[in-house]
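# Notes for the structure review
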Amino acid sequence: MTSTVVNRGSAEAARAEELRSVLVDRLCGDGVVRSAAVEAALRRVPRHLFVPGTSLEEAYADEAVYTKHDPDTGASISAASQPRIVAMMLEQLQAAPGMRVLELGAGTGYNAALLAALVGPEGRVTTVDVDDDLVAGAQDHLAAAGVANVEAVLGDGALGHPDSAPYDRIIATVGAYEVPTAWLEQLAPGGRLVVPLRLSGAVSRSIVFERAEYGWTSRGSELAVFMPLRGIGDDARRVIDLTGDGQVTLQTHKDNTDADADGLAGVLGAGRCEAWSGVCFVPRESFEWLYLWLSCRLANPLMRMNVEPAARDSGLVAPMFPTTAMATTRGGDLAYLTIRAAEPGPDSARRYEVGVIGHGPGAEELAYQVVEEVRVWDRDHRNHQARFELPDTAVVSDPETGRYVLDRPRHPVTVIWE
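First, a word on what this report is: a plain description of the structure on this page.

Scoring rules and cut-offs
Residues numbered from 1 in each chain as written. Predicted model: local features only at pLDDT ≥ 70, side-chain atom pairs only at ≥ 80, totals over all residues. Heavy atoms only, no water. Helix = DSSP H or I, 4+ residues; strand = E, 2+ residues; numbered from the N terminus. Contact = heavy atoms within 4.5 Å. Areas by Shrake-Rupley, 256 points an atom, 1.4 Å probe, with all protein chains shown as cover. Lys, Arg positive; Asp, Glu negative; His and termini not counted. Charge placed at Lys NZ, Arg CZ, Asp CG, Glu CD. Phe/Tyr/Trp six-rings, centres within 6.5 Å; stacked < 30°, edge-to-face > 60°. Lys NZ or Arg CZ within 6 Å of the ring centre and 35° of its normal. Core = buried A, V, L, I, M, F, W, Y, C linked by side-chain atoms within 4.5 Å. Buried < 20%, exposed > 50% of the residue type's maximum accessible area, 1.4 Å probe, protein only. Pairing = 2+ DSSP bridges. Axes fitted to C-alpha atoms, helices over the stretch in contact; angles between N-to-C directions.

### What to know about the overall build of the chain
A tally of regular secondary structure across the chain gives 11 helices and 19 strands. If you line up the chain on its principal axes, its C-alpha atoms span 70 × 55 × 50 Å. Relative to all contacts within the chain whose residues are 6 or more apart in sequence, the contacts with residues 24 or more apart total 61%. Carbon and sulfur atoms make up 50% of the accessible area of the chain, which totals about 18,800 Å². Distance between charge centroids for the chain: 4 Å, based on 38 positive and 58 negative side chains.

### Digging into the packing of aromatic side chains
Going through the model one piece at a time under the given rule, you end up with 8 aromatic pairs. Taken together, Phe281, Phe287, Tyr291, Phe321 and Trp377 form an aromatic cluster joined through their ring pairs. Across from the ring centre of Trp276, 4.0 Å away, lies the NZ or CZ of Arg340, which sits over that ring. The positively charged end of Arg382 is found above the aromatic ring belonging to Phe281, 4.4 Å away from the centroid.

### Quick notes on the nonpolar core
One broad rule of soluble globular proteins: the nonpolar side chains tend to lie buried together. Formed by 76 residues in total, the largest nonpolar core has its most connected members in Phe209, Leu242, Leu292, Met305, Phe388 and Trp417. Formed by 45 residues, the second largest nonpolar core is a distinct cluster that contains Leu27, Val38, Leu90 and Leu142.

### Re the sheet that holds strand β16 (residues 351–359)
Spatially, 7 strands are ordered β10-β11-β13-β14-β15-β16-β12 in an open sheet, and the strand pairing comes out antiparallel. Each edge of the open sheet is held by one strand with a lone partner, namely β10 (238–241) and β12 (273–281). Recorded for the sheet is a direction-independent mean angle of 30 degrees between the axes of neighbouring strands. Pairing analysis gives 4 bridges linking strand β13 (residues 303–307) to strand β14 (residues 324–330), with the strands arranged antiparallel. Looking at the pairing, Arg304 lines up with Met326 of β14.

### Considering the sheet that holds strand β6 (residues 167–172)
The 10 strands are arranged β5-β4-β3-β6-β7-β8-β9-β17-β19-β18 in an open sheet whose pairing can be described as mixed. This sheet does not close on itself; its edge strands, each paired only once, are β5 (150–154) and β18 (403–406). Going from strand to strand, the sheet's axes swing by 25 degrees on average, the running direction of each strand aside. Strand contacts of helix α5 (residues 110–119): β3 (100–104), β4 (124–129), β5 and β6, with the helix running at about 165 degrees to β4, the strand carrying the most contacts. Set on the sheet, helix α9 (residues 288–297) makes contact with β7 (187–200), β8 (203–212), β9 (215–223), β17 (386–391), β18 and β19 (413–417); between it and β19 the angle comes to about 120 degrees.

### Some thoughts on the environment of Ala261
With respect to the helices and strands, the residue Ala261 is situated in helix α8 (residues 261–264). For Ala261 and His161, which are 100 residues apart along the polypeptide, the C-alpha to C-alpha distance reads 39 Å.

Geometric descriptors of this kind do not, in isolation, establish any biological role.
Structural data, given as structure tokens:
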């Protein structure tokens, strides 16, 4: 019996190592993993020990593993993040041996274990979560993986953890609407913060911030969406049901002030118009910077419109992607992005034209406004990326120079289109 158990355990360990190797090879091949240190950490830490109850295939798939849900709404509130997002943010962080690192959002403890591998035995990782069951679970998983240089702490992540400050690196694995002052104060001189910041509406990016002369400035950013921070920095989402049966819904945020459920009731049956931009994308080209531009420019920033297959198949809506599209509203009007096949480009490559579908009594005006902004982005900013600042003193938006200030109670975010 003992021999059978040992053999089974050895086979499982070998299979886990094989699957882990395949996953890391893929992330390296895709250019997500760029440094030897991050690659070594991913190859070393056994992810399956942090997601017990899942199969090895699930543990080493390039997918998030959802581990906790809100008992009232059923919404996911904790997860082991998708490995490529984990790897991308570790590359942004640039943690090195001997550093002290603070992680906001302990989750399963997997990311903390990777951080521990990066800082080595002379470094120290503190990970904070608001739920005692998540902290206890992370502690158990870290112990099972033999990780000793991580302290998992119960607390509100928005407050950081001053007891172990200052930190050379701080990383948030939860989405934030504003950078808490505590995080900035607890960074050591020359420190680096990586935070998935919800900028405007549904647009979110993982931004690297470092201290500059007149505030905090970005040193790069990547598309990333995380479950929102809970506690003092709560950024709760709301859902508006456009069809009454959950077939088409809008996910709204606190800055979507012109998104009224009563005013939008029945909007999909209130006529339909289309406007086309002439702006084309090729397959797999990202829309991320267009989304940010629109959210900077529109009075009501973009929201995610979720669509059930039956609503799409019936022709009720024609979203940009099979189950989602970005949308904006104005009063009782709705406008959302869509695409259609366009003439091939000069190299005969497939292309898709961006358009807008509108519903409601004033939807035609709203749809053409969105289309015009798509054209402006294409003309003036398509070949540029934005950077971000958290200035020490108040600044104002200046659209003429491509500067937009996103209001926050304490630390407004300046978006600068170069």
